[in-house]
Amino acid sequence: MTDKPLILVADDETRIRRLVVESLENAGFDVCQAQDGRQAVDVFRLSPVEPDLVILDLMMPEMDGISAMVKIREKSNV
């Protein structure tokens, strides 16, 4: 287990998601990622450590960023 903050990044555009993840990791953060809103909710719920921050694209397939955040906020105040 690490003391670094954990950030969940969700974006359906792979290039953008990879760029954000790489930038955050280079800045010293631990990062988990999802390719759509539904997967972001699943990753958040299944993560053994609750992410400290969630970065969501608004327009994603399966579930948009707003809907994903509503679902996440049912379980957390992140």
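Since we're looking at a predicted model, the values are computed, not measured.

*Asks:* I tried to follow the nonpolar core on my own but got confused; where do I start?
*Replies:* Soluble globular proteins tend to bury their nonpolar side chains together. Core analysis: the biggest nonpolar cluster contains 14 residues, and Leu 8, Ala 10, Ala 40, Val 54 and Leu 56 have the highest contact counts within it. At the level of secondary structure, the elements contributing two or more residues to this core comprise strand S1 (6-10), strand S2 (30-34), helix H2 (37-46), strand S3 (53-56) and helix H3 (65-73). When near neighbours in sequence (up to four residues on either side) are disregarded, Ala 40 contacts Leu 8, Ala 10, Ala 34, Leu 56 and Ile 72. Counting residues in each nonpolar core, the second largest holds 5 residues, with Ile 7, Val 9, Val 21 and Val 31 among its members.

*Asks:* Would you mind going over the packing of H2 against H3 with me for this structure?
*Replies:* Two elements in contact, H2 and H3, have axes whose closest approach is 8 Å; the angle formed by their N-to-C orientations is 20°. Comparing the axis directions of H2 and H3 gives the class roughly parallel. Read as a crossing pair, H2 and H3 show a hand that is right-handed. Residues Gly 37, Ala 40, Val 41, Phe 44 and Arg 45 of H2 form the contact with H3, whose own contacting residues are Ala 68, Lys 71 and Ile 72. Tallied by class, the residues present in the contact of H2 with H3 amount to 5 nonpolar, 1 polar and 2 charged.

Each value, and the rule that gives it
Residues numbered from 1 in each chain as written. Predicted model: local features only at pLDDT ≥ 70, side-chain atom pairs only at ≥ 80, totals over all residues. Heavy atoms only, no water. Core = buried A, V, L, I, M, F, W, Y, C linked by side-chain atoms within 4.5 Å. Buried < 20%, exposed > 50% of the residue type's maximum accessible area, 1.4 Å probe, protein only. Helix = DSSP H or I, 4+ residues; strand = E, 2+ residues; numbered from the N terminus. Contact = heavy atoms within 4.5 Å. Axes fitted to C-alpha atoms, helices over the stretch in contact; angles between N-to-C directions. Parallel < 35°, antiparallel > 145°, perpendicular 65-115°, else oblique. Left-handed = near helix turned anticlockwise from the far one by under 90°. Nonpolar A, V, L, I, M, F, W, Y, C, P; charged D, E, K, R; others polar.

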